[in-house]
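# Coordinate analysis (summary)
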Amino acid sequence: MHGKVLVIDPIATNRIVLRVKLAASHYNMLQAGSIADAMQVLAQDTPDLILCAGTLPDGDPLRLLSRIRKMGLAGKMPIIALSCADSESERLRLLAGGIDDVLQKPINDALLLARTRSIIRAYATASEWTLREGTSRALGFGEEIATFSPAQTLRIVAEDRASAAPWITALSDRINARTVFAKPAAAVSEAEPGCTPDAFVLVIGPDEGPQMLQLLATIRSQANTRHCAILAVLDSEYATLGAQMLDMGANDLMRCTRSSEELALRLEALLSRKMVTDSLRDTVRSGIEAAVIDPLTGLHNRRYAMPHLSRIAERATRTGKPYAVMIADMDHFKRINDTLGHAAGDAVLVETARRLKENLRAVDLVARIGGEEFLIVLPGVGLGNARRAAKRLCQIIQNTPFEVPDRTAPVDATISIGMTVIDPVNGTHSTVAQKPEALLDRADKALYGAKAKGRNRVILSRPAA
C-alpha cells in the first residue's frame, strides 16, 4: 500500500466513491461519518492523509483539526477539505485555520490522486528529516532551530511582467518576503548559488503549460533550486495540467482567482515549511560528519547507526510498518589483509561500501559497525522484499571482482548476511526485542548461521513467539 487515507464524510455514497478511487491506486482506506467516529479511528491508527467533507454532523474541518491538536497529532498528518460550496471566503477561512488544502467538488479524479500523492510525499519528506534530526539530537549534536532567519525571497514567473505585476503588488503588503519577477527562460539561470529564491510562483497562462512543465523539471533537477517551494497558479479548467505539475514536484496548486489573500496564505505555509525543513537539514549536516561518519568508507558509523535504528523501531511501532535489520560481513577478509596487505583490504572495504550504498534506497541505513561488518536497515520493508534485497546485495559483491592497488588481477570477494524482520502489526516481538542491541544480536546470530552453512548467503533469524 502507498499509504493510509482516512475519508470523513456523513454521506456513505461519497465515502464509497472516494474509497474506490483511492483503493484502485493502492491506498489503504479508513472511513468515518463524523468527527466523533474519526477520533475513534485515530485512537487506533495514524493515517498519512485525511480527506474531510466541508460539513459534518458535529462540526467542520477546523473543528476536526482542533480535536487532532488536542490529541497531539497536529502536524503529523495533512488534512484536505472537500468543499461543495465554491466560496472564496470559506476557502480562505479553512486555509487560515490550518487546513492544508481545499478542493472544490466535483473533483477531477486525476487532480485528486495527484494532490494526494503530492501532499503525502511532502509530509513523508518532512518526517524523514525530523527523524534524522532527532537522531542527531540523541547523539548530542543538534542545536535549537534558529528563531531568526534572513528575509525570504519569492520569484514570480510569468510570460510577461504585466501578468506578474498584480501579484507582486498585492503580496508586497501581505507577506514578509522580497518578491521579484522573472520570465520562464531566465527563472533558473538567474538563480545563482547564494541568491536562490525560497519559492517560485508559476503563473501559467493559456498554451503555456508545456513551457512551465519544462521549467518545473529544471527547477527540481538543479542542485541550487531543488529544495525551493513551488506554487503553480492556473485556471481551474486545466485540471490535467495541474495534476502533471503536482506529480512533477510542484508543492501546491491554486486557481487563478486573483485572490492575493489566498496566495499569501498558501505561500506563508510553504515558506514556513521550507524554513523548518532547511533548518532540520542543516542541523543534520553541520558539525556531525566527523563524529558519525566512518573516515575510510564514508558510511555512517556505529555511533550514528544505533540511535537511528532505535528511532526507526519507535516509528515502526507507531505506524505499524515493518522494517528489516541486516548485518553483512565480508567472507575470509583476514585472508585478503594477510596475503595482499591492508591497502588492498581497505580498497575492498571502500568498494563494498559503495556497492551497498548505491544499490539501496536513500532512506535505507548503511553503516560500517566493525572492521569488515556492515549494518543495513530497511524501513518499511517486509520479509519478502528484504530477503530479495539481501540476496541481490550478495550477488552484487560476488559477481564483480575488486580492483586493488599494486595488483593487476582483481580480487574475488563475497559477503554473508544475517537478517531479522520486525512487523509490529503481524509479528509477536516485544518492545524489548525491538531495542537496537536485541535486533543486532538476532541478526548477528543469523550471520553466524550463514557463515556455518558455507558463507556467501542470507540467513533469516526466526525468534520464538
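Placed above this text is the structure.
What comes next is a walk through the structure. (Residues numbered from 1 in each chain as written. Predicted model: local features only at pLDDT ≥ 70, side-chain atom pairs only at ≥ 80, totals over all residues. Heavy atoms only, no water.)

Now for the sheet that holds strand E5 (residues 101-104). Spatial strand order, E2-E1-E3-E4-E5: five strands in an open sheet with parallel pairing. Sheet topology places strand E2 (27-32) and E5 at the edges, where each strand pairs with a single neighbour. On average, each strand axis in the sheet is tilted by 25° relative to the strand beside it, whichever way the strands run. Here strand E3 (residues 49-53) runs beside strand E4 (residues 79-83); their pairing, made up of four bridges, is parallel. Its bridge partner lying in E4, Leu51 is registered against Ile80. Sheet strands in contact with helix H1 (residues 12-23) are strand E1 (3-8), E2, E3 and E4, and its direction is about 170° off that of E2. (Pairing = 2+ DSSP bridges. Helix = DSSP H or I, 4+ residues; strand = E, 2+ residues; numbered from the N terminus. Axes fitted to C-alpha atoms, helices over the stretch in contact; angles between N-to-C directions. Contact = heavy atoms within 4.5 Å.)

Before going further, it helps to spend a moment on helix H15 (residues 436-452). When the terminal C-alpha atoms of H15 are compared, their 24 Å separation across 17 residues agrees well with the 24 Å that a helix rising 1.5 Å per residue should span. Among the residues of H15, those classed as buried are Pro436, Leu439, Leu440, Arg442, Ala443, Asp444, Ala446, Leu447, Ala450 and Lys451. Those residues of H15 that are buried are in contact with helix H11 (302-319), strand E12 (323-330), strand E14 (373-379), strand E15 (415-422) and strand E16 (458-460). Immediately downstream of H15, the backbone of Gly454 shows phi near 115°, a positive value. (Expected span 1.5 Å × (residues − 1). Buried < 20%, exposed > 50% of the residue type's maximum accessible area, 1.4 Å probe, protein only.)

Bringing the pairing of E2 into the picture now. Bridge count between E1 and E2: six bridges; the pairing is parallel. Considered in E2, the bridge of Val5 is made with Met29.

To continue, consider the sheet that holds E16. Spatial ordering of the open sheet is given by E11-E13-E14-E12-E15-E16, a layout of six strands whose pairing is mixed. Either end of the sheet is taken by a strand with one partner, and the two such strands are strand E11 (300-301) and E16. Direction of pairing for strand E13 (residues 365-368) relative to E14: antiparallel, over a ladder of four bridges. Residue pairing across strands places Val366 opposite Ile376, the latter belonging to E14. The strands touched by helix H14 (residues 383-399) are E12, E14, E15 and E16; relative to E15, the strand with the most contacts, the crossing angle is about 170°.

Before going further, it helps to examine the packing of helix H3 (residues 61-70) against helix H4 (residues 88-97). Where H3 meets H4, the closest approach of the two axes is 10 Å, and the angle between their N-to-C directions is 5°. On the basis of the axis angle, H3 is roughly parallel to H4. Here H3 contributes Pro61, Leu62, Leu65 and Arg69 to the contact with H4, which in turn contributes Arg93, Leu94 and Gly97. Split into classes, the residues belonging to the contact of H3 with H4 amount to four nonpolar, one polar and two charged. (Parallel < 35°, antiparallel > 145°, perpendicular 65-115°, else oblique. Nonpolar A, V, L, I, M, F, W, Y, C, P; charged D, E, K, R; others polar.)

Moving on, we come to the packing of aromatic side chains. Counted by the stated rule, this structure contains zero aromatic pairs. The positively charged end of Arg355 is found above the aromatic ring belonging to Phe402, 4.0 Å away from the centroid. (Phe/Tyr/Trp six-rings, centres within 6.5 Å; stacked < 30°, edge-to-face > 60°. Lys NZ or Arg CZ within 6 Å of the ring centre and 35° of its normal.)

The next point concerns the pattern of salt bridges. Considering all chains together, one arrives at 25 salt bridges under this definition. Across the pair Asp109 and Lys21 runs a salt bridge whose closest N-O atoms are separated by 2.7 Å. Of this pair, Asp109 sits in helix H5 (residues 109-139) while Lys21 sits in helix H1, and the two are 88 residues apart along the sequence. Residue Lys21 is classed as partly exposed on the basis of its relative accessible area of 28%. Between Arg115 and Asp101 there is a salt bridge, and its shortest N-O distance comes to 2.6 Å. Taken together, the residues span a long stretch of sequence, with Arg115 in helix H5 and Asp101 in strand E5 at a distance of 14 residues. (Salt bridge = Lys/Arg side-chain N within 4 Å of Asp/Glu carboxyl O.)

To continue, consider the nonpolar core. By size, the foremost hydrophobic cluster in this structure holds 34 residues, and its most contacted members are Ile376 and Ile417. Broken down by secondary-structure element, the contributors of at least two residues to this core are E12, helix H12 (333-340), helix H13 (342-358), E14, H14, E15 and E16. Here the element with the most residues in this core is H14; it accounts for six residues. Listed in part, the 26 residues of the second largest apolar core include Leu6, Ile50, Leu95 and Ile99. (Core = buried A, V, L, I, M, F, W, Y, C linked by side-chain atoms within 4.5 Å.)

As for its placement among the helices and strands, Ala199 is situated in strand E8 (residues 199-203). A relative accessible area of 1% places Ala199 in the buried class. Each C-alpha atom of the pair Ala199 and Leu231 lies 7.6 Å from the other, and the pair is 32 residues apart in sequence. Beyond its immediate stretch of four places on either side in the chain, Ala199 contacts Thr153, Leu154, Arg155, Ala229 and Leu271.

So, about the pairing of E12. In regular strands, side chains alternate between the two faces of the sheet. Across the eight residues that make up E12, a large majority, eight, are buried. What you see with E12 is no split at all: Tyr323, Val325, Ile327 and Asp329 on one side and Ala324, Met326, Ala328 and Met330 on the other are buried throughout. Bridge analysis of E12 against E14 gives seven bridges, and the strand direction is antiparallel. If you follow Ile327 over to E14, its bridge partner there is Leu375.

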